[in-house]
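Reading the structure
In case you want the letters, here they are:
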Amino acid sequence: MADIKQQIFQELSALEEAASRLRGAAVVAGRQTDLEVAILTEQVKNLRDRNKRATDMIDKSLTILKKLK
């Protein structure tokens with residue numbers, strides 16, 4: 001009976017360690033996901049800014065070309 005109890009406690013301990021590792025992995029994955037989202041958000045913002053500047057330049061170029069006609 002003592003052997004069975006010891007085995008149960010060992011398995012519970014191993015299960016607790018596995019759960020702890022999984023919790024740690026989930027936290028790290030969450031942080032990495034947050035970082036990736038922040039990076040992608042910044043990249044999208046930069047691309048939108050560049051797109052707006054390019055559109056403004058194209059509009060100015062078209063205005064100049066129309067004046068030259």
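First things first, this report covers the structure right here in the doc. (Residues numbered from 1 in each chain as written. Predicted model: local features only at pLDDT ≥ 70, side-chain atom pairs only at ≥ 80, totals over all residues. Heavy atoms only, no water.)

A separate point is the overall build of the protein. Looking only at helices and strands, one finds one helix and zero strands in the protein. Expected size for 69 residues packed as a compact globule is a radius of gyration near 11 Å; at 30 Å, the protein overshoots this value by more than 25%. By principal-axis analysis of the C-alpha atoms, the protein measures approximately 100 × 10 × 5 Å. The buried share of the protein, taken over its 69 residues, is 0%. Summed over its atoms, the accessible surface of the protein is roughly 6,700 Å², and 62% of this surface lies on carbon and sulfur atoms. Where the 13 positive side-chain charges of the protein centre and where its 10 negative ones centre are 18 Å apart. (Helix = DSSP H or I, 4+ residues; strand = E, 2+ residues; numbered from the N terminus. Rg over C-alpha atoms; globule rule 2.2 N^0.38 Å. Buried < 20%, exposed > 50% of the residue type's maximum accessible area, 1.4 Å probe, protein only. Areas by Shrake-Rupley, 256 points an atom, 1.4 Å probe, with all protein chains shown as cover. Lys, Arg positive; Asp, Glu negative; His and termini not counted. Charge placed at Lys NZ, Arg CZ, Asp CG, Glu CD.)

We now examine a nonpolar patch on the surface. Judged by side-chain polarity, M1, I4, I8, F9, L12 and L15 come together as a nonpolar surface patch covering roughly 690 Å² of accessible area. Here L15 lies in helix α1 (residues 2-68). (Patch = residues over 30% accessible without salt bridge, like charges linked within 9 Å, V, L, I, M, F, W, Y side chains within 5 Å. Salt bridge = Lys/Arg side-chain N within 4 Å of Asp/Glu carboxyl O.)

Next up on the list: the pattern of salt bridges. Oppositely charged side chains can form a pair if their charged atoms are brought close together. Taken as a whole and assessed by the stated rule, the structure comprises two salt bridges. We note a salt bridge from D56 to K52, for which the minimum N-O separation is 3.3 Å. In this pair, D56 and K52 both sit in helix α1, four residues apart, roughly one turn of the helix.

Position of G30 relative to the elements: it lies in helix α1. Counting along the chain gives 22 residues from G30 to K52, while the straight-line C-alpha distance between them is 33 Å.

Counting through the fold element by element, T63 comes out in helix α1. Looking at T63, its side chain comes within polar contact range of the main-chain oxygen of D59, at 2.9 Å. (Polar contact = N/O pair within 3.5 Å; in protein donor to acceptor, adjacent residues only side chain to side chain.)

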